[in-house]
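The lines below spell out each chain.
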There are 2 protein chains.
Amino acid sequence: MTESAQRRPKRAGRRGGDSGTRAAILDAARRQFGEHGYDAATIRAIAAVAEVNPALVHHFYGTKEQLFAAAMRIPVVPSEVINALAPESPEHIGEALVRTLLAAWEAADIREAFLGLVRSAATSEQGAAMLREFVTGTILAAVAQMAGGGPDEAGRRYRASLAASQVVGLAFTRYLLRLEPIASASADDLVAAIGPVIQRYLTGDLAG
Amino acid sequence: MTESAQRRPKRAGRRGGDSGTRAAILDAARRQFGEHGYDAATIRAIAAVAEVNPALVHHFYGTKEQLFAAAMRIPVVPSEVINALAPESPEHIGEALVRTLLAAWEAADIREAFLGLVRSAATSEQGAAMLREFVTGTILAAVAQMAGGGPDEAGRRYRASLAASQVVGLAFTRYLLRLEPIASASADDLVAAIGPVIQRYLTGDLAG
């Protein structure tokens, strides 16, 4: 069966070639994984939303796990976060990190991808592994650049995991739990309240 | 059909009467809701784990939503958390809250109930509503007792929601994400690192 035969006719006129179809599959996968979590999402449902044959999903992306990896790739690559923080002076890195993340989450596609990852991490080991990887790639890398982390690799990892706990908790309560008033607080207020906390975790004295 | 006829024979000799059966159903419900989230969990699967007829689950607990409410009732009632914090001096309330929660989460049944609530909150509005209620009942009530919250109700709620973001983030990264080294850090280290953050949120100057 050729690819065009696998697609439903009504899609044929709307998308040209592989790239449009691939984008539709990834978009449907992000929504299904995000809404239902890794375990409950199915290739069949993803194919239905994308309006393609399930066999085509397998053809392009292989297994459910491989599709998940492709779909949940966060649209903010870690290096972009690092670059955004690089010009900041070390004593304002906490505020800069909170401001950068809140600005990224303003974009619906980035926010939904991140929340999908958090939802999947809450309900599957695949999701947890991917969120660990993302957190390590962004926050730990940022810490490694700073003097506060010092030469002690274990200490840097501890600082990064503390910062991650606040960052993930912020996203969870603001966007998933929608707990007020943090859910509707302004970015400026949250940067002022939480920035110094991240700063403490990354460069402060954690023993007292 | 009588209750004993609805149960499978092999359970008959192991549990005596309603209370044992009810406990088995709630235990199975907590595990199913916790592992799969609210949407994916089914009365049928819960009944199978509890080794009872699905009709008996409905008889005892009504709808899936009512069963969820009964099963996910956290074994730490908010008033116990408040009582544990009451003897603390106001300037150490942050450390006391972190220490109280970490101690509660050491107990597997309390930890699993809380994590089940977090998982359900990540994937369903029912779960989110219940976690909001729990967080508001514990943390907000603790804040309301303290001078730092002041007479300003909106300010107290903001402080409580900030503290909740760190508390939920700690549970999420330590137990669900299992991000190292926060996952295996000692309670003493975490109290020293995170206690002052909760203190800041509850009583500090949040504007800078």
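Remember, it's a predicted structure, so these values are computed and weren't measured experimentally.

## Things to note about the environment of Leu97(B)
Tracing the sequence through the fold places Leu97(B) in helix H8 (residues 93–106). When the C-alpha positions of Leu97(B) and Tyr201(B) are compared, they lie 12 Å apart, and in sequence the two are 104 residues distant.

## A few points about the relation of the copies chain A and chain B
When chain A is fitted to chain B, the best match, at an RMSD of 0.1 Å, comes from turning it 180 degrees and sliding it 0.0 Å along the axis. Both copies are brought into coincidence by an operation consistent with a two-fold rotation axis. Closest approach to the rotation axis among the C-alpha atoms of chain A is made by Gly169(A), whose C-alpha sits 1.8 Å away. When the interface residues of chain A are mapped onto chain B, 100% of them again lie at the interface, so the same face is used by both copies.

## Remarks on unusual backbone geometry
Residues Glu180(A) and Pro181(A) are joined by a peptide bond in cis, for which omega reads 5 degrees. Among the structural elements, Pro181(A) can be located in the loop between helix H11 (153–176) and helix H12 (187–203). With a phi angle near 60 degrees, Glu51(A) is a residue other than glycine that sits in the positive phi range. Summarising the element assignment, Glu51(A) is placed in the loop between helix H4 (43–50) and helix H5 (54–61). One non-glycine residue with positive phi stands out, namely Arg178(B), at about 50 degrees. Mapping Arg178(B) onto the fold places it in the loop between helix H11 (153–176) and helix H12 (187–203). Residue Arg178(B) is classed as partly exposed on the basis of its relative accessible area of 41%.

The rules behind the values
- Residues numbered from 1 in each chain as written.
- Chains lettered and ligands numbered in written order.
- Predicted model: local features only at pLDDT ≥ 70, side-chain atom pairs only at ≥ 80, totals over all residues.
- Heavy atoms only, no water.
- Helix = DSSP H or I, 4+ residues; strand = E, 2+ residues; numbered from the N terminus.
- Least-squares fit on C-alpha atoms with pLDDT ≥ 70 in both.
- Contact = heavy atoms within 4.5 Å.
- Buried < 20%, exposed > 50% of the residue type's maximum accessible area, 1.4 Å probe, protein only.

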